[in-house]
Amino acid sequence: MTPHALQFLASEPWALETKTLEIIKSIAAREWKIPEAVFNKKGERKSFNTIKRDNVTVLNINGVISRYANIFHAVCGGTSVEMLANEFNQVLNDPGTEAIILNIDSPGGQVNGIHELAEMIHAARGTKPIVAYVGGSGCSAAYWLATAADEIVLDHTACVGSIGVVATYIKQKQDDKDVFEMVSSQSPNKRADPKTKEGQSLYQAELDELADIFIDRVARNMNVKRDDVLKHFCQGGTAIGQTAIDKGMAHRLGSLESLITEYQKKRKTQKSMSEQFAINITGSASTPDVIAALKQQFPEAISTIITDAKKQDEPSALDAAAEIAQQCLDANVASMSASLLASNITKAEALKQIEDAKAIKNACAAAGIEASFDTIMADRNDLGKLIGTIIHEAQADKEPETNHHINQTGKQYAIDSTEIYAARRQGN
């Protein structure tokens, strides 16, 4: 009689590390000798564990992975995609969980169901941080799941990789009776013989197709090209710790405890910021009460928000370019139009600056220094320079000053400051 575990093993393709597959085969082959003793010895089925530490939930993925919880777990240990998917969704929807750590120590497992679970994890990216931590083995199907997370963190001694699919075909000898198997003539490939070239080709094509999906998903999940996976991700082999990181198969080294602490600290930092900006209002406060509390506690921030909002509603100077240029011409300050249109200000601000410039130009004309208008306007945003410039330009109204200097011939010559300032007023 064919052992149940061995029959299950031979009926499915596996994304599993080779050594582990051999061990499972040897265990499964002995099942018929002590089926009840295995159950009694194990006492209970190993299942997926969830450990919550403050705002961080750790999901343990240990042992061989199969789609459903069944006798295979009792014989060989491990976890199931069924249980893992259920736990993952619960944690994902738990408002008290702010970060999820997939704690992986698995040689891989059954291909069936892994793609669906990996896609579920990948689709949850962005909902809350999801980090895969590998402290022991993260091989084959387990590595597939790890790549679906936002990040892969490895212990220095962790082993990852083994990308590929393997199938075992076992033909059991029947000791007690003859067994005949008939296949419909319309279905010659239903029981292809792996000992023939045709049978081998059929099985090989199926495994290659599954492996292509595996490779494509790893490339997408790790944000690398398919060729990079084929060339640098060990071609079905494995890499350890820093070597795996150097190859691009993981992101960084670390430990499970350091990861938990890292995300606990992030929560404390966020809590500290929320406390710092807490608003002192009662639970029954009305909208006007909330607005009043905000204005009282954060007057500068609210003022900035209101000002920015008003600016967004107002047209810019550039939007009213023709009007701004005409206003500059009418105010006889045409030289300002270029700078106003190049600046990121509103139309209202531009018009105000034109009015201010017009007033300054009139003041310069009254003081007899109209020719100095452009010089004064250049310093209008710096009060200190502006005052100095005005004083300097006003020197033109003083009594004539004659300074005597000696030229290169040794003779004295006079410089009349009145002439200099008169020339400046005329724009020369």
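A brief look at the structure comes next. The structure presented is a predicted model; accordingly, all values stated were derived computationally and were not measured. (Residues numbered from 1 in each chain as written. Predicted model: local features only at pLDDT ≥ 70, side-chain atom pairs only at ≥ 80, totals over all residues. Heavy atoms only, no water.)

With that out of the way, let us pick up the packing of aromatic side chains. Applying the stated criterion to the full structure yields one aromatic pair. Each ring, one from Trp144 and one from Phe214, has its centre 4.5 Å from the other, and the planes form 15°; the classification is stacked. Separated by 70 residues along the polypeptide, Trp144 in helix α7 (residues 141–147) and Phe214 in helix α8 (residues 197–221) bring together distant segments of the chain. (Phe/Tyr/Trp six-rings, centres within 6.5 Å; stacked < 30°, edge-to-face > 60°. Helix = DSSP H or I, 4+ residues; strand = E, 2+ residues; numbered from the N terminus.)

Because each turn of an α-helix spans 3.6 residues, side chains separated by three or four positions end up pointing in the same direction. Here helix α5 (residues 81–92) is 12 residues long and its end C-alpha atoms lie 16 Å apart, about the 16 Å a rise of 1.5 Å per residue gives. Buried within α5 are the following residues: Val81, Met83, Leu84, Ala85, Phe88, Val91 and Leu92. (Expected span 1.5 Å × (residues − 1). Buried < 20%, exposed > 50% of the residue type's maximum accessible area, 1.4 Å probe, protein only.)

Turning to the pairing of strand β8 (residues 130–139), a few remarks are in order. Most of β8 sits out of view: seven of its 10 residues are buried. Of the pairings in the sheet, the one linking strand β6 (residues 99–106) to β8 comprises six bridges and is parallel in character. For Ile104, the partnering residue across the bridge sits in β8 and is Val134. Looking at chain direction, β8 and strand β9 (residues 151–154) are connected through four bridges and run parallel. Among the inter-strand pairings, Val134 is bridged to a residue of β9, identified as Leu154. Two strands pair when backbone bridges link them, and β8 and strand β10 (residues 159–161) are joined in this way by three bridges, in the parallel orientation. Among the inter-strand pairings, Cys139 is bridged to a residue of β10, identified as Gly161. (Pairing = 2+ DSSP bridges.)

Below, the discussion takes up the nonpolar core. Counting 45 residues, the largest nonpolar core has Phe88, Leu102, Tyr143, Leu145 and Leu154 as the members making the most contacts within it. Leave out the neighbours within four places in its chain, and Leu102 touches Leu59, Ile61, Phe88, Ile121, Ile130, Val131, Ala132, Tyr133, Leu145 and Ala149. In this structure, Ile324, Ala331, Ile345 and Phe373 belong to the second largest nonpolar core, which totals 13 residues. (Core = buried A, V, L, I, M, F, W, Y, C linked by side-chain atoms within 4.5 Å. Contact = heavy atoms within 4.5 Å.)

Okay, the pairing of strand β2 (residues 50–53) next. Side-chain positions along a regular strand alternate between the two faces of the sheet. Pairing of β2 with strand β3 (residues 56–62), which is carried by four bridges, proceeds in the antiparallel orientation. Paired with Thr50 across the bridge in β3 is Leu59. Between β2 and the antiparallel strand that follows it, β3, lie two residues; Asp54 among them carries a positive phi value of about 55°.

Bringing the packing of α5 against helix α6 (residues 114–123) into the picture now. At a minimum axis separation of 10 Å, α5 and α6 run at an interaxial angle of 10°. Looking at the two axes, α5 sits roughly parallel to α6. Contact residues: Val81, Leu84, Ala85, Phe88 and Asn89 in α5; Ile114, Leu117, Met120 and Ile121 in α6. (Axes fitted to C-alpha atoms, helices over the stretch in contact; angles between N-to-C directions. Parallel < 35°, antiparallel > 145°, perpendicular 65-115°, else oblique.)

Only a minority of non-glycine residues have a phi that is not negative, and only a minority of peptide bonds are not trans. Unlike most non-glycine residues, Asn223 shows phi in positive territory, near 60°. Tracing the backbone through its elements, the reader meets Asn223 in the loop between α8 and α9 (226–232). Of note in the backbone geometry, Gln235 takes a positive phi value of approximately 50° without being a glycine. Along the chain, Gln235 falls in the loop between α9 and β11 (238–240).

A word on the pattern of salt bridges. The tally for this structure, following the rule as stated, stands at 13 salt bridges. Two residues, Arg252 and Glu151, come together in a salt bridge whose shortest N-O distance is 2.5 Å. On the criterion of sequence distance, the pair formed by Arg252 in strand β12 (residues 252–253) and Glu151 in strand β9 is long-range, its members being 101 residues apart. When its relative accessible area of 27% is taken as the criterion, Arg252 is described as partly exposed. Residue Arg252 pairs with Glu262 through a salt bridge whose shortest N-O separation is 3.2 Å. With Arg252 in strand β12 and Glu262 in helix α11 (residues 256–276), this pair connects stretches of sequence that are 10 residues apart. Note on Glu262: relative accessible area 25%, which makes it partly exposed. Counted as one network, the salt bridges with shared partners bring together Glu151, Arg252, Glu262 and Lys266. (Salt bridge = Lys/Arg side-chain N within 4 Å of Asp/Glu carboxyl O.)

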